[in-house]
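# Structural description and commentary
Below, each chain spelled out in residue letters.
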Amino acid sequence: MKKSLLIITLLITTLFAPCLIFANKAKNGITTMEELNGKAIGVQTGVLYEDVANSGISAKEALPESPWLYYKMPNDMIAALESNKIAAYLIEEVGFFAQKYEHPELVRLDKAAGYCDFAVIVGDRDGKQKKLYAQLQEFIANKKADGWLDNLYDYWVKNWNPNPCKINNIPETTGENGIVTIAIEGGYEPFSFESNGQFSGYDVEFMMNFCAAYGYSWDFKAMEFDSIATGCLAGKYNFGMNIVVDEERAESSVLTDPYYRCDIVFVLEGENDADMG
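For clarity, every value in this text was computed on a predicted model and none was experimentally measured.

Cut-offs applied
Residues numbered from 1 in each chain as written. Predicted model: local features only at pLDDT ≥ 70, side-chain atom pairs only at ≥ 80, totals over all residues. Heavy atoms only, no water. Helix = DSSP H or I, 4+ residues; strand = E, 2+ residues; numbered from the N terminus. pLDDT = per-residue confidence, 0-100. Contact = heavy atoms within 4.5 Å. Salt bridge = Lys/Arg side-chain N within 4 Å of Asp/Glu carboxyl O. Buried < 20%, exposed > 50% of the residue type's maximum accessible area, 1.4 Å probe, protein only. Expected span 1.5 Å × (residues − 1). Pairing = 2+ DSSP bridges.

### A short note on unusual backbone geometry
Most peptide bonds are trans, and most residues other than glycine sit at a negative phi. The amide bond that connects Glu-189 to the next residue, Pro-190, takes the cis arrangement and shows omega of 5°. Tracing the backbone through its elements, the reader meets Pro-190 in the loop between strand 7 (187-188) and strand 8 (192-195). Look at Leu-48: it is not a glycine, yet its phi comes out positive at around 70°. Residue position: Leu-48 is located in the loop between strand 1 (41-44) and helix 2 (59-62).

Take a look at the structure:
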């Protein structure tokens, strides 16, 4: 069942709620980013969201007195929030949508801390880097032009619901051009996760369709996020998914054009009905 009601709620509350979406209030009473200054903030290791400055100033610069605590997985930050180790954490908006489904008590500040473009890093494995880069660039351009990427994003991200969300049509591939290894996080809904013993999600369906279009078989490798880029740079994998595009990475890595963009938001623990009553 698609979450059309959730999307309507998001639109209404974004327009009318002064500080937080979903008509919830933060349990700690915080309504602006400035009020977080001096409080502990969580962020996932390696994603660099705290340094994103495309809104004029980075979150780290805006909160100079805040200690930053780093976590390996997004769900680790929820546990830290619930145990009061942090007052808030930074995550991309699509990750918040997925977490909100399982943790309705979570809220976010209405004002985004910035936005991120996400690309695929292409590793120099088996001497295929240049060829694979050109093919994936072509695939991204074509799928943006024909609307397939937008439809894929709507299905997996905007309308996220773990019960029906699955790859409905796994593409067939001849594999005549060999196998490509693809580094994914593997436990990160809705992008890459295990379902019925197989990997699923936005990144997985995206790469399956690329492989089918260019005659490759796929081999997904799950790992912690901070191992994806380093593994590709070391030549262990052909592709690494969900890499934040920034100047430093662009200079040191072979990155494709972005295959999606989203806001970066602060997430806080909200008041539930018992708290508000």
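### Re the confidence of the model for the protein
For any part of a model where pLDDT is low, the fine detail of the predicted coordinates should not be relied upon. Across the protein, pLDDT averages 86, with 88% of residues at or above 70. Across residues 1-23, where pLDDT falls below 50, the model places 37 contacts with residues more than four positions away in sequence or in other chains.

### Comments concerning the pattern of salt bridges
The tally for this structure, following the rule as stated, stands at eight salt bridges. With its nearest N and O atoms 2.7 Å apart, the salt bridge here joins Arg-108 to Glu-93. Here Arg-108 is found in strand 4 (residues 106-108), whereas its partner Glu-93 is found in helix 4 (residues 93-102), with 15 residues between them in sequence. One exposure class covers both Arg-108 and Glu-93, and it is buried. Between Asp-126 and Arg-125 there is a salt bridge; the shortest N-O distance is 3.5 Å.

### Some points on helix 7 (residues 202-214)
With 13 residues, helix 7 extends 19 Å from end C-alpha to end C-alpha; this agrees with the ideal 18 Å at 1.5 Å per step. Across the 13 residues that make up helix 7, a large majority, ten, are buried. For helix 7, every residue scored as buried is listed here: Tyr-202, Asp-203, Val-204, Glu-205, Phe-206, Met-207, Met-208, Phe-210, Cys-211 and Tyr-214. Just past helix 7, the residue Gly-215 takes up positive phi, approximately 75°.

### Here's the deal with the sheet that holds strand 8
Taken in spatial order, the three strands of this open sheet run 7-8-9, and their pairing is antiparallel. Single-partner strands in this sheet number two, and they are strand 7 and strand 9 (198-200). The sheet contact formed by strand 8 and strand 9 spans three bridges and is antiparallel. The residue of strand 9 that forms the bridge with Ser-195 is Gln-198.

### Examining the pairing of strand 6 (residues 179-184)
For strand 6, the buried fraction is high: five of the six residues fall into the buried class. Note: strand 6 against strand 10 (residues 217-222), six bridges, orientation parallel. Residue Ile-182 lies in a different strand from strand 10, and its bridge partner there is Phe-220. The pairing of strand 6 with strand 11 (residues 239-244) spans two bridges and is classified as parallel. Along strand 11, the bridge assignment pairs Ala-183 with Gly-240.

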